[in-house]
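Observations on chain architecture
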Amino acid sequence: MKKGLSIIINVVLFAIIVILALQVIKSIQAPIKFNKEQKMREAKVVERLIDIRNAEVLYKNANNKYTNSFDTLIQFCQVAEIPIVNIIPDPTDTTFTRTINDTIGYVKVMDSLRGQREHFNINEIRYVPFSDPQQKYELEAGAITRNGIEIPVFEARTPYEVYLGKPGAAFTEKEWNQRRDNAKAEKESINRYAGMKVGSMEEASTDGNWEKL
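Here we summarise the structure given alongside this text. Only a predicted model underlies this, so the values are computations on that prediction, with no experimental measurement involved.

1. Structural notes on the overall build of the protein chain
When you go through the protein chain residue by residue, the secondary structure sums to 5 helices and 5 strands. Helices and strands in the protein chain line up, N terminus first, as α-α-β-β-α-β-β-α-α-β. Within the protein chain, the proportion of its 213 residues that are buried is 30%. The long-range fraction of contacts in the protein chain, counting pairs at least 24 apart against all pairs at least 6 apart in sequence, stands at 57%.

So this is what it looks like as structure tokens:
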């Protein structure tokens, strides 16, 4: 009887040890899996933010300002062309400092943005990957004054809640939300934007926050 009871106790203790070990392993793997999923999603989010930046810069070169309208930006990209300029030294300049800009042709903005991507769709640049339901990037444009000079600025952004809204496959909704909220709190504790953005409405910059240390 005592031997049988001892076996039962050992089995129960072994089961408890296994459960605790699994919980420890899960607690170690959870942040690793979350970070991996976050980085994968942010790579797609950044790719589209770069498209928005490139489109905005080309729009600004043509119009001397940025736009806060995706409809305007997309329409511009669909119809506009940009010049191909050949820069050569001025043969009459003996100081070798002057150049001559010679426009030798034009290329469509769409072709410039598309690059080698076969399935590029300009209409999708407004939408945040992994947002569920589908949401748009927040887009602002305006101007700031520096040393008496008005400088055009723009900013496109999306917070964690949008592209990290839907839980990854390895997480329950509660676990995922807790990881996301922890990541958000960590960013806010050092006065950083909890999400991905490019440009700035406060300074003359077209940098993305993923490009800054």
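2. A few points about the packing of aromatic side chains
Note on aromatic pairs: each is described by the distance of the centres and the angle between the planes. Using the criterion set out here, one finds 6 aromatic pairs in the structure. Seen from their ring centres, tyrosine 160 and tyrosine 163 are 6.1 Å apart, and the 85° between their planes marks the pair as edge-to-face. Placement of the pair is tyrosine 160 and tyrosine 163 together in helix α4 (residues 160-163), with a separation of 3 residues, close to one helical turn. Here tyrosine 160 matches tyrosine 163 in class, with each residue buried. An aromatic cluster is defined as three or more aromatic residues linked by ring pairs; in this entry it consists of Phe34, Phe171 and Trp176.

3. What to know about the environment of asparagine 209
Within the secondary structure, asparagine 209 is located in the segment after β5 (195-199). What makes asparagine 209 partly exposed here is its relative accessible area of 22%. Look past the residues within four positions of asparagine 209 in its chain and what remains in contact with it is Tyr193, Gly195, Met196 and Lys197.

4. As for the side chain of arginine 53
Position of arginine 53 among the secondary structure elements: in helix α1 (residues 2-63). Setting aside its immediate chain neighbours within four residues, arginine 53 contacts Phe154, Val198, Thr206, Asp207, Gly208, Trp210 and Glu211.

5. What to know about the layout of surface pockets
Taken as a whole, the largest pocket spans an internal volume of roughly 650 Å³. Of all the secondary-structure elements, those providing two or more residues to the lining of the largest pocket are α1, α5 (173-189) and β5. Here the residues of the lining of the largest pocket are counted per class, giving 8 nonpolar, 8 polar and 11 charged.

6. Details of the pattern of salt bridges
Evaluated as defined, the whole model comprises 12 salt bridges. Salt-bridge contacts for arginine 126 lead to aspartate 71; the nearest nitrogen and oxygen are separated by 3.0 Å. A residue pair is termed long-range when its members are at least 10 positions apart, and arginine 126 in the loop between α3 (109-114) and β3 (138-146) and aspartate 71 in helix α2 (residues 70-79) qualify at 55 residues. Take aspartate 71: its relative accessible area is 52%, and that puts it in the exposed class. Of the charged contacts, one joins arginine 180 and aspartate 181 as a salt bridge, the two residues approaching to 3.8 Å between their closest N and O atoms. Overall, the relative accessible area of 12% leaves arginine 180 in the buried class. The exposure class of aspartate 181 is partly exposed, given its relative accessible area of 36%. It is possible to trace a salt-bridge network through shared partners that takes in Glu138, Glu140, Glu155 and Arg157.

Conventions used here
Residues numbered from 1 in each chain as written. Predicted model: local features only at pLDDT ≥ 70, side-chain atom pairs only at ≥ 80, totals over all residues. Heavy atoms only, no water. Helix = DSSP H or I, 4+ residues; strand = E, 2+ residues; numbered from the N terminus. Buried < 20%, exposed > 50% of the residue type's maximum accessible area, 1.4 Å probe, protein only. Contact = heavy atoms within 4.5 Å. Phe/Tyr/Trp six-rings, centres within 6.5 Å; stacked < 30°, edge-to-face > 60°. 1 Å grid on protein atoms, 1.4 Å probe; cavity = no way out; pocket = protein on both sides within 12 Å on 5 of 7 lines; lining within 4 Å. Points joined across faces, edges and corners; volume = space filled by probe spheres on them. Nonpolar A, V, L, I, M, F, W, Y, C, P; charged D, E, K, R; others polar. Salt bridge = Lys/Arg side-chain N within 4 Å of Asp/Glu carboxyl O.

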